[in-house]
Amino acid sequence: MARALIVVDVQNDFCEGGSLAVAGGADVAFRIGELLHEWHEAEPDERQYAYVVATRDHHIDPGDHFSKTPDFVNSWPPHCVAGTDGVSFHPNLDPQPFDAIFDKGEYAAAYSGFEGKSHEGGHPLADWLRGKGVTDVDVCGIATDYCVRATALDAKAQGFDTTVLTTLTAGVAEPTTHQALTDLRNAGITVT
């Protein structure tokens, strides 16, 4: 039985100053960075997580996911475009000792990290976790009401015991964040 931390989309474009900024994103990046620092500095047998992975929006041409007149439900302003600084992890997320990074959304909208593939080997997130013996996951990152929600729901659907760390998330809007947390609890996900 192993536990992994999934850090969802803590990228420049989703933090203050980015093209699709979420209020509090930079602070969440800093707090996750503190957790990662503690994890990285701990002795291997004292670590809270056996593995730490990250997901990233990594858009090349995601079709109607991008819009000049976005509805902010199904379409959004361009963000996390491959080859731009917006796709990079936020600098407050330091250190970045990720065991694997999973990019998603190259040619279509993708909210869940489970839609992504690893840089090395192109493995789906669920397969990678199972291959490492992971049974439990903690999910944190941006945004609570979109990609964190989707990633946590998919983790649960894939059979992982799933917890969302709300102190390490930032949501787009209060009503959608509240609904997302309700959805997560209703799915049997632990919300702390």
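This section reports on the structure supplied with the text. This is a predicted model, so every value here is computed, not measured.

1. Regarding helix α3 (residues 144-157)
Right, so step 1: For α3, every residue scored as buried is listed here: Thr 144, Asp 145, Tyr 146, Cys 147, Val 148, Ala 150, Thr 151, Ala 152 and Ala 155.
Right, so step 2: Positioned one or two residues after α3, Gly 159 has a phi angle of 95 degrees, which is positive.

2. Side note on the environment of Ala 152
Right, so step 1: With respect to the element layout, Ala 152 can be found in helix α3.
Right, so step 2: Overall, Ala 152 belongs to the buried group, its relative accessible area being 0%.
Right, so step 3: Separated by 83 residues in sequence, Ala 152 and Thr 69 place their C-alpha atoms 29 Å apart.
Right, so step 4: Ignoring sequence-local partners within four residues, the contact set of Ala 152 consists of Val 139, Thr 162, Val 164, Leu 184 and Ile 189.

3. Let's talk about helix α1 (residues 25-41)
Right, so step 1: In this model, α1 (17 residues) spans 24 Å end to end at C-alpha, consistent with the 24 Å of a helix rising 1.5 Å per residue.
Right, so step 2: Of the surrounding secondary structure, the elements contacted by the buried residues of α1 are β1 (2-8), β2 (51-57), β5 (134-142) and β6 (161-170).

4. Quick look at the nonpolar core
Within soluble globular proteins, side chains that are nonpolar generally end up buried alongside one another.
Right, so step 1: Core analysis: the biggest nonpolar cluster contains 29 residues, and Leu 5, Val 7, Ile 32, Val 52, Leu 93, Phe 98 and Ile 142 have the highest contact counts within it.
Right, so step 2: Where this core is concerned, the elements lending two or more residues are β1, α1, β2, β5 and β6.
Right, so step 3: Ranked by residues supplied to this core, first place goes to α1 with six residues.
Right, so step 4: Excluding its chain neighbours within four sequence positions, the residues that come into contact with Phe 98 are Val 7, Leu 36, Val 52, Val 53, Ala 54, Phe 89 and Leu 93.
Right, so step 5: Membership of the second largest hydrophobic core comes to 25 residues, among which are Ala 2, Phe 102, Ala 126 and Val 191.

Thresholds, definitions, all that
Residues numbered from 1 in each chain as written. Predicted model: local features only at pLDDT ≥ 70, side-chain atom pairs only at ≥ 80, totals over all residues. Heavy atoms only, no water. Buried < 20%, exposed > 50% of the residue type's maximum accessible area, 1.4 Å probe, protein only. Helix = DSSP H or I, 4+ residues; strand = E, 2+ residues; numbered from the N terminus. Contact = heavy atoms within 4.5 Å. Expected span 1.5 Å × (residues − 1). Core = buried A, V, L, I, M, F, W, Y, C linked by side-chain atoms within 4.5 Å.

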